[in-house]
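# Chain and residue survey
In case you want the letters, here they are:
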Amino acid sequence: MRKIRLGVLGSGSGSNFQALLDASQSGTLDAQIVLVLSDVVGAGILERARNANIPTGLIDCRGCTSKFPLEAQQETAGTLKKAAVDLVCLAGFMRMIKSPLLEAFPGRIINIHPSLLPAFPGLEAWKQALDAGVAETGCTVHYVDAGMDSGEIILQAAVPVLTDDTATTLHARIQLQEHRIYPLAVNIIAATIP
Ligand code: GAR
């Protein structure tokens, strides 16, 4: 069976990208990472990719701090297509994906989010969970649609909230689960791609 080709988009440190890369290098991922793109110059994810000799690129968001301009989405779709990417994995990518990119990869963009969706969509979901006083939170891998963390759920893992948890300790424990389930979710989808 051929390995599907992954493009990974991230804005931050890239620990989820690293988990995918580690799984790929250890032979437990039914996919190969062929391209890493970031909207943040100097993001850790780019450095991790360069260290692994994976091609990288910068997404030019035309000076917009939070929006993902349509031209930038079109360019990104073109770059991913040129690299013959089968599946786009968002790994800490902090801009909302809209139609140009969604249309270019229908049903082929997935995201990892640090809560048990549909609870706590949006930013800093682990802080939202802490503030809400819930006993349990977790993480979710889901398909990306035009909404905010609203697409169909692929896989979830629960994480207990401990009485002495801080935002930092809770996010760190959620991330351990993210790193475990993201490669599993990619394998579930890889099995459906010819
Ligand atoms: C992860 O916890 C991921 O779930 C979250 O950003 C972090 C990125 O960490 N994503 C979102 O909140 C998206 N809504 P990483 O750069 O170390 O993978």
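Here we summarise the structure given alongside this text. Just so it is clear, the structure is predicted and the values come from calculations on it, not from any experiment.

Calculation criteria
- Residues numbered from 1 in each chain as written.
- Predicted model: local features only at pLDDT ≥ 70, side-chain atom pairs only at ≥ 80, totals over all residues.
- Heavy atoms only, no water.
- Near = heavy atom within 4 Å.
- Polar contact = N/O pair within 3.5 Å; in protein donor to acceptor, adjacent residues only side chain to side chain.
- Areas by Shrake-Rupley, 256 points an atom, 1.4 Å probe, with all protein chains shown as cover.
- 1 Å grid on protein atoms, 1.4 Å probe; cavity = no way out; pocket = protein on both sides within 12 Å on 5 of 7 lines; lining within 4 Å.
- Sits in = over half its atoms within 2 Å of the grid points.
- Helix = DSSP H or I, 4+ residues; strand = E, 2+ residues; numbered from the N terminus.
- Nonpolar A, V, L, I, M, F, W, Y, C, P; charged D, E, K, R; others polar.
- Phe/Tyr/Trp six-rings, centres within 6.5 Å; stacked < 30°, edge-to-face > 60°.
- Lys NZ or Arg CZ within 6 Å of the ring centre and 35° of its normal.
- Pairing = 2+ DSSP bridges.
- Axes fitted to C-alpha atoms, helices over the stretch in contact; angles between N-to-C directions.
- Buried < 20%, exposed > 50% of the residue type's maximum accessible area, 1.4 Å probe, protein only.
- Right-handed = clockwise from strand over helix to strand, strands pointing away.

Of all residues adjacent to the ligand, which total 14 residues, the nearest are Ser13, Gly14, Ser15, His171 and Glu178. In the environment of the ligand, an oxygen atom lies 2.8 Å from a nitrogen or oxygen atom belonging to the backbone of Gly14. Protein burial of the ligand: of its 450 Å² of free accessible surface, 91% is covered by the chains. Judged by the proximity of its atoms to the pocket grid, the ligand belongs to the largest pocket. Going through the elements one at a time, helix H1 (15–26), strand S5 (109–113) and helix H6 (167–190) are the ones with two or more residues in the shell around the ligand. Ranked by residue count, the leading element in the shell around the ligand is H6, at three residues. Class assignment for the residues of the shell around the ligand results in three nonpolar, nine polar and two charged.

Moving on: the packing of aromatic side chains. Throughout the structure, instances matching the rule amount to one aromatic pair. Stacked on the ring of Phe105, the Lys or Arg Lys81 has its end atom at 4.2 Å from the ring centre.

Turning our eyes to something else, we now look at the sheet that holds strand S3 (residues 56–58). As a general point, the strands of a sheet are linked pairwise by backbone hydrogen bonds and lie either parallel or antiparallel. Taken in spatial order, the seven strands of this open sheet run S3-S2-S1-S4-S5-S6-S7, and their pairing is mixed. The outermost strands of the open sheet, each flanked by one partner alone, are S3 and strand S7 (153–160). Across the sheet, the axes of successive neighbouring strands diverge by a mean angle of 20 degrees, strand direction being ignored. The sheet contact formed by strand S1 (residues 4–9) and strand S4 (residues 87–90) spans four bridges and is parallel.

Counting buried residues in strand S2 (residues 31–38) gives seven out of eight residues, a clear majority hidden from the surface. Pairing geometry for S1 and S2, over six bridges, is parallel. Pairing of Ile4 across the sheet is with Ala31, part of S2. Tracing the backbone out of S1, into H1 and back to the parallel element S2 gives a crossover that is right-handed. Pairing analysis gives three bridges linking S2 to S3, with the strands arranged parallel. Directly across from Ser38, in S3, lies its bridge partner Leu58. For the handedness criterion, the β-α-β arrangement of S2, helix H2 (residues 44–51) and S3 is classed as right-handed.

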